[in-house]
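# An overview of the molecular structure
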Amino acid sequence: MGEQITEQLLGRWEIYQPGSSPPSGFPPVLVFTPGGELFFLPAPDSDIVRGSWSLDTLTPQLVVKTDLEGVLTWSSSGPDLMELQTEVLTSGELTIQARRVSDDVSLPAGRPIIEAADALASQVTVAREASARAGVGAVNRLQQATFLEQQQFEPDIQTINNQLGRALLPNPNYSYTVFISEGAVTTVALPTQTELRAFVGRVAPVTADNDSFTRAILCQSDVPTEQMPELPDELVCPTGYGVTD
């Protein structure tokens, strides 16, 4: 069985989303080679990601082990078609479909090749930073709503965490701290790992033409840092930080 599956795997596979038609143009591509290398081509002008693949025929459902996106569970859905259940690191389980388009395992000339470990590390960093950015943004919005209702800000990060219903705490990648100064509240998300950037959210009340409202700002450090920033008195980003969405 393993030899038969290996023969079916070798070659070039185009990836598309379940329920959609096979793609035109340049879809993402997986290339399974006889030597156990697996190449991922996400776009025409992107780097090629090199990983490895192997078969585990002892499991109840055939598993293709890779170091690209975790474990791929193979489910043949017809000649030259397959479905893959992918255990991705940041998004949980994902179902993709692929169509075998040729037995050609050659790669485009002149394209940089990066190792799977480096590519995954970069993806994990982006995902962790995105989660922290979204968390601080959610705290900003909660503080705005709290001030609108109660004319005060919430100082306790655990209470904020409970009200948001999201897992700010505990967090293996970031620590969250809330500071309340005269007329403003600041949330700082500091990374606990050296490769991550920090985030600062600030909310302050504003009165104009006898109308009261709040203004918020979300900031991202220019470089990875684990240092607590010095917070300005004005509603601006700290030095070494820039405004982000």
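Read on for an overview of the structure. These numbers were taken from a predicted model, which means no experiment stands behind them.

It is worth spelling out helix H3 (residues 157–164) at this point. Listing the buried residues of H3 in full gives Ile157, Ile160 and Asn161. Along the axis of H3, the buried residues cluster in a sector spanning 100°; they form a single face. Its buried side turned inward, H3 meets helix H2 (116–150) and strand S10 (174–181).

Attention now goes to the sheet that holds strand S14 (residues 241–243). If you trace the 5 strands from one edge of the open sheet to the other, you get S10-S11-S12-S13-S14, paired in antiparallel fashion. At either end of the open sheet lies a strand with only one pairing partner, and these are S10 and S14. Strand after strand, the sheet turns through a mean of 25° between neighbouring axes, direction not considered. As defined by bridge partners, S10 adjoins strand S11 (residues 184–191) across 8 bridges and the pair is classed as antiparallel. If you follow Ile180 over to S11, its bridge partner there is Val185. Where H2 meets the sheet, its contacts fall on S10, S11, strand S12 (199–208) and strand S13 (211–221), and the angle it forms with S12 comes to roughly 25°.

So, about the pattern of salt bridges. The tally for this structure, following the rule as stated, stands at 3 salt bridges. Of the charged contacts in the structure, one is a salt bridge between Glu14 and Arg99, with a shortest N-O distance of 2.8 Å. You can see Glu14 sitting in strand S1 (residues 11–16) and its partner Arg99 sitting in strand S8 (residues 92–102), a full 85 residues away along the chain. Judged by relative accessible area, which is 14%, Glu14 ranks as buried. Look at Arg99 and you get partly exposed, because its relative accessible area is 27%.

Counting 18 residues, the largest nonpolar core has Val136, Ile157, Ile160, Tyr174, Tyr176, Ala189 and Phe199 as the members making the most contacts within it. If you list the elements that add at least two residues to this core, you get H2, H3, S10, S11 and S12. Here this core takes 5 residues from H2, the largest share from any one element. The residues touching Ala189, leaving out its near neighbours within four places in the chain, are Val136, Tyr174, Ser175, Tyr176, Ala198 and Phe199. Ala184, Val188, Ala198 and Ile217 belong to the second-largest nonpolar core, a separate cluster that totals 11 residues.

As a further point, take the state of the cysteines. One pass over the structure, following the stated rule, counts 1 disulfide. A sulfur-sulfur separation of 2.1 Å characterises the disulfide bridge that pairs Cys219 with Cys237. Linking Cys219 and Cys237, the disulfide has an S-S dihedral of approximately -90° and is accordingly described as left-handed. Of this pair, Cys219 sits in strand S13 while Cys237 is found in the loop between S13 and S14, placing the two residues 18 residues apart along the sequence. Judged on exposure class, the residue Cys219 and its partner Cys237 are both buried.

This next bit is on the pairing of strand S4 (residues 48–56). Bridging between strand S3 (residues 37–41) and S4 involves 4 bridges; their strand directions are antiparallel. Its bridge partner being in S4, Phe39 is matched across the sheet by Arg50. Hairpin connection between S3 and S4: a loop of 6 residues separates the two successive antiparallel strands. Bridge count for S4 against strand S9 (residues 113–115) is 3 bridges, and the pairing is parallel. Of the residues in S9, the one forming a bridge with Val49 is Ile114.

Let us look at the environment of Asp245. The residue Asp245 is located in the segment after S14 in this model. With a relative accessible area of 83%, Asp245 lands in the exposed category. It is 8.8 Å that separates the C-alpha atoms of Asp245 and Ile217, two residues lying 28 residues apart in sequence. In this structure Asp245 touches Arg133 and Leu218, once residues within four positions along its chain are discounted.

What counts as what
Residues numbered from 1 in each chain as written. Predicted model: local features only at pLDDT ≥ 70, side-chain atom pairs only at ≥ 80, totals over all residues. Heavy atoms only, no water. Buried < 20%, exposed > 50% of the residue type's maximum accessible area, 1.4 Å probe, protein only. Helix = DSSP H or I, 4+ residues; strand = E, 2+ residues; numbered from the N terminus. Arc of directions from axis to C-beta. Contact = heavy atoms within 4.5 Å. Pairing = 2+ DSSP bridges. Axes fitted to C-alpha atoms, helices over the stretch in contact; angles between N-to-C directions. Salt bridge = Lys/Arg side-chain N within 4 Å of Asp/Glu carboxyl O. Core = buried A, V, L, I, M, F, W, Y, C linked by side-chain atoms within 4.5 Å. Disulfide = S-S within 2.5 Å.

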